[in-house]
Amino acid sequence: MSIAKDERLAGIADELARTAQQYAAGLIELEGARKHSLLQIDQARGESRHWKAEFERVDHENRTTLETYRQKASSLATELAGARGRLSAIEEALATARVYTAALEQRVTAQAERQEIEARLRPIAPATKRTSAAGKGMASALRRRKL
């Protein structure tokens, strides 16, 4: 019995040694996984910091660009308002010039009509009475009126 007991104890000791080796290997594997996880966590933190900084940089750049575009739009709106004001002034001057031109055209037309009527009503002088004085009178009659 003692041999069987010794063999049984030796089997249990072998089993215990194997279990202890498996446990030690499990602990080593677990420690490796823990270290790997910590390394991954550190890498993730680093990437997180990187992307946060990148986001802040791009956000700042976008805000600056937006402000620049707002300023450009504001200056262009001001220029457009000024151009519209100048255009309005030009249109008013053009309308005034058109009225003035129409009035001048009416005066010229009326003057031409008067001259035509005067020319029709003026008696034709006989050819024998023409003298140099008559020629002067003719020239003074044809003199234009100032408008």
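One can find the structure itself at the top, above this paragraph.
Nothing here was measured: the structure is a model prediction, and the numbers come from that model.

J.: I would appreciate a short explanation of the overall build of the protein in the present structure.
T.: What the protein contains, in helices and strands, is 2 helices and 0 strands. Looking at the protein residue by residue over its 147 residues, the buried ones come to 1%. As displayed, the protein has an accessible area near 13,700 Å², and 60% of this comes from carbon and sulfur atoms.

J.: What is the right way to read the pattern of salt bridges from this model?
T.: Pairs may arise between side chains of opposite charge once their charged atoms sit close together. Tallied over the entire structure, the rule returns 7 salt bridges. Across the pair Arg 34 and Glu 31 runs a salt bridge whose closest N-O atoms are separated by 2.6 Å. Taken together, the residues span about one helical turn, with Arg 34 and Glu 31 both in helix H1 (residues 2-121) at a distance of 3 residues. Residue classification places Arg 34 among the partly exposed positions, given a relative accessible area of 44%. Accessibility expressed as a relative area gives 31% for Glu 31, which makes it partly exposed. Residues joined by salt bridges that share partners form a network here, namely Glu 54, Arg 57 and Glu 61.

J.: What exactly am I supposed to notice about a nonpolar patch on the surface here?
T.: On the surface, Tyr 23, Leu 27 and Leu 30 cluster together into a nonpolar patch covering about 350 Å² of accessible area. Relative to the helices and strands, Leu 30 is located in helix H1.

J.: How do you make sense of the environment of Gln 111 when you look at a structure like this?
T.: Secondary-structure assignment places Gln 111 in helix H1. The class for Gln 111 is buried, based on a relative accessible area of 14%. At 2.9 Å, the side chain of Gln 111 and the side chain of Arg 114 are in polar contact.

What counts, and at which threshold
Residues numbered from 1 in each chain as written. Predicted model: local features only at pLDDT ≥ 70, side-chain atom pairs only at ≥ 80, totals over all residues. Heavy atoms only, no water. Helix = DSSP H or I, 4+ residues; strand = E, 2+ residues; numbered from the N terminus. Buried < 20%, exposed > 50% of the residue type's maximum accessible area, 1.4 Å probe, protein only. Areas by Shrake-Rupley, 256 points an atom, 1.4 Å probe, with all protein chains shown as cover. Salt bridge = Lys/Arg side-chain N within 4 Å of Asp/Glu carboxyl O. Patch = residues over 30% accessible without salt bridge, like charges linked within 9 Å, V, L, I, M, F, W, Y side chains within 5 Å. Polar contact = N/O pair within 3.5 Å; in protein donor to acceptor, adjacent residues only side chain to side chain.

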